[in-house]
Amino acid sequence: MAANYTEVFQDPTAVEKYAERTYAPGTFSSIVSSRQAGWLRGFVPHAFGMPPVHHDFACGTGRVARMLAGLVSVSHGYDTSEAMLQKGRELGTPGHAHLVAPGLAVPEPDETRPRLVTAFRFVLNVDLHLRDQLMDFASMALPDPDAGLLLVENHGNATSLRHLRKTFGRLDAHTWFQELSHEEMAELFDRHGFDLVGMQGFTMFTQGCYRRPWIWAAKAADSALCSPMSKWATDVVYIARRR
């Protein structure tokens, strides 16, 4: 776990760098995010008979809510960083942003529509305690199988090319590195009463492969392979339903 993960984005400078540099047009993160948006915009109308209520845990700047604009009845984003939520307002994030204390996020009630709970770029960066907080939140929003779906991103799949950084020692004492296996993710869902019902990959490659001269080959291969070979993708979104 990044030791200061829950504090680092309290700093507006860190938030600005995250929003304007990490997700600048043409970066690896923005390319993966664009693929996710395309998939979500096809998946959500197919999975729900009516536009669901969207609950985004650790929403950050509201990137997922912007992906889903027009496809959900309303988005609620929950985060512990006012700086992140403020940046989201500047970016035009739709819906409602809720500043919450750590561990105290409670989904806004709505019993009339199905619910979609999302957590992107979260589980890899935090410890088991904070992952459990996510799952407790999801359990409140999704009390039964008919309530809706949970989508959780793992952007460090252990069964992927990214693992080679660890295998071949491409790390040093100052390099933060974490990975999660499909088994660990399935165990997390199972322990909180969720069944894993699907997964979708978004890149087979790592950020280093998206630099010249490899970027065009990597993008072409990902476009063809990351969906049918989701199990081996570096970035995976898991689809879960309450048991």
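The numbering scheme is per chain: residues are counted from 1 as the chain's sequence reads. In keeping with the model being predicted, local features are shown solely for residues with a pLDDT of at least 70 and side-chain atom pairs are shown and tallied solely at 80 or more, while totals for entire chains, interfaces and linings include all residues. As a rule here, side-chain values come from all non-hydrogen atoms in the structure, and water together with hydrogens is ignored.

## Here we look at the overall build of the protein chain
Working step 1: Where helices and strands are cited, they refer to DSSP runs of H or I of at least four residues and of E of at least two residues respectively, numbered from the N terminus. Secondary structure summary: the protein chain contains nine helices and seven strands in total.
Working step 2: In this treatment the radius of gyration is a C-alpha quantity, and the globule benchmark scales as 2.2 Å times the residue count to the 0.38 power. In terms of C-alpha radius of gyration, the protein chain reaches 17 Å, essentially the compact-globule figure of 18 Å for 243 residues.
Working step 3: C-alpha extents for the protein chain along the principal axes are approximately 50 × 40 × 35 Å.
Working step 4: For the protein chain, the residues scored as buried account for 52% of the 243 residues in total. Exposure categories follow from relative accessible area, calculated using a 1.4 Å probe and restricted to protein chains: below 20% of the type maximum is buried, above 50% is exposed, and the middle band is partly exposed.

## Notes on the pairing of strand 2 (residues 74–79)
Working step 1: Of all six residues in strand 2, five are buried; the element is thus mostly enclosed.
Working step 2: Strands were regarded as paired on the criterion that DSSP finds at least two bridges between them. The pairing of strand 1 (residues 53–57) with strand 2 spans five bridges and is classified as parallel. Within the sheet, the bridge partner assigned to His-55 lies in strand 2 and is His-76.
Working step 3: Relative to strand 3 (residues 96–99), strand 2 runs parallel, the two sharing four bridges. Residue pairing across strands places His-76 opposite His-96, the latter belonging to strand 3.
Working step 4: Chirality of the crossover, the property in question, places the unit of strand 2, helix 5 (residues 82–90) and strand 3 among those that are right-handed. With the strands aimed away from the viewer, a crossover counts as right-handed if its path from the first strand over the helix to the second runs clockwise.

## So, the packing of helix 6 (residues 128–141) against helix 8 (residues 182–191)
Working step 1: Orientation is described by axes fitted as lines to C-alpha atoms, over the contacting stretch for helices, and by angles from 0 to 180 degrees between their N-to-C directions. Taken N-terminus to C-terminus, the directions of helix 6 and helix 8 make an angle of 50°; their axes are 10 Å apart at the nearest point. Taken together, the axis directions place helix 6 and helix 8 in an arrangement best described as oblique. The handedness of the crossing between helix 6 and helix 8 comes out as right-handed. Listed contacts from helix 8 to Leu-128, Arg-131, Asp-132 and Met-135 of helix 6 are Leu-188, Phe-189 and Arg-191.
Working step 2: For the contact of helix 6 with helix 8, the residue count by class is four nonpolar, no polar and three charged. Every angle not falling under 35 degrees, over 145, or within 65 to 115 is termed oblique; those three ranges are roughly parallel, roughly antiparallel and roughly perpendicular. Take the far helix as your reference; a near helix turned counterclockwise from it by less than a right angle gives a left-handed crossing, and one turned clockwise gives a right-handed crossing. In what follows, residue pairs with any heavy atoms lying within 4.5 Å of each other are defined as contacts. Charged means Asp, Glu, Lys or Arg here, nonpolar means Ala, Val, Leu, Ile, Met, Phe, Trp, Tyr, Cys or Pro, and polar covers whatever is left, Gly included.

## Side note on the packing of aromatic side chains
Geometrically, a pair of aromatic rings is defined through the distance of the ring centres and the angle of the planes.
Working step 1: Whether two aromatic rings pair depends on their centres lying within 6.5 Å, for rings of Phe, Tyr and Trp, where Trp uses its six-membered ring; planes under 30 degrees apart make the pair stacked, over 60 edge-to-face, and the rest tilted. Inspection of every chain in the model, using the stated rule, returns nine aromatic pairs.
Working step 2: For the ring pair Trp-39 and Phe-43, a centre distance of 4.7 Å and an interplane angle of 20° mean the geometry is stacked. Of this pair, Trp-39 and Phe-43 both sit in helix 3 (residues 28–47), four residues apart, roughly one helical turn.
Working step 3: When its relative accessible area of 15% is taken as the criterion, Phe-43 is described as buried.
Working step 4: Feature note: the residues Phe-57, Tyr-78, Phe-122 and Phe-137 constitute an aromatic cluster, connected by ring pairs.

## Considering the pattern of salt bridges
Working step 1: By salt bridge we mean one thing: a side-chain nitrogen of Lys or Arg within 4 Å of a carboxyl oxygen of Asp or Glu. Counted according to the given criterion, the structure contains nine salt bridges.
Working step 2: Of the charged contacts in the structure, one is a salt bridge between Glu-187 and Arg-191, with a shortest N-O distance of 3.0 Å. Residue Glu-187 and its partner Arg-191 are both found in helix 8; the two are separated by four residues, about one turn of the helix.
Working step 3: Between Arg-243 and Asp-190 there is a salt bridge, and its shortest N-O distance comes to 2.7 Å.

## Observations concerning the nonpolar core
Buried together is how nonpolar side chains tend to be arranged in soluble globular proteins.
Working step 1: We define the nonpolar core as a collection of buried residues of types Ala, Val, Leu, Ile, Met, Phe, Trp, Tyr and Cys that are connected through side-chain atoms lying within 4.5 Å of one another. One finds Leu-40, Leu-150, Leu-151 and Phe-189 to be the most contacted residues of the largest nonpolar core, which totals 56 residues.
Working step 2: Considering every element that reaches this core, the biggest residue donor is helix 3, with eight residues.
Working step 3: For Leu-150, the contacting residues outside a window of four places in its chain are Val-117, Met-135, Ala-138, Leu-142, Phe-189, Phe-194, Tyr-238, Ile-239 and Ala-240.
Working step 4: Core analysis: the second largest hydrophobic core is formed by seven residues, Phe-9, Tyr-18, Tyr-23 and Met-84 among them.

## Overview of helix 5
Working step 1: The set of residues buried in helix 5 consists of Ala-83, Met-84, Leu-85, Lys-87 and Gly-88.
Working step 2: Those residues of helix 5 that are buried lie in contact with helix 2 (12–22), strand 2 and strand 3.
Working step 3: One or two steps after helix 5, the chain reaches Gly-92, where phi turns positive at roughly 80°.

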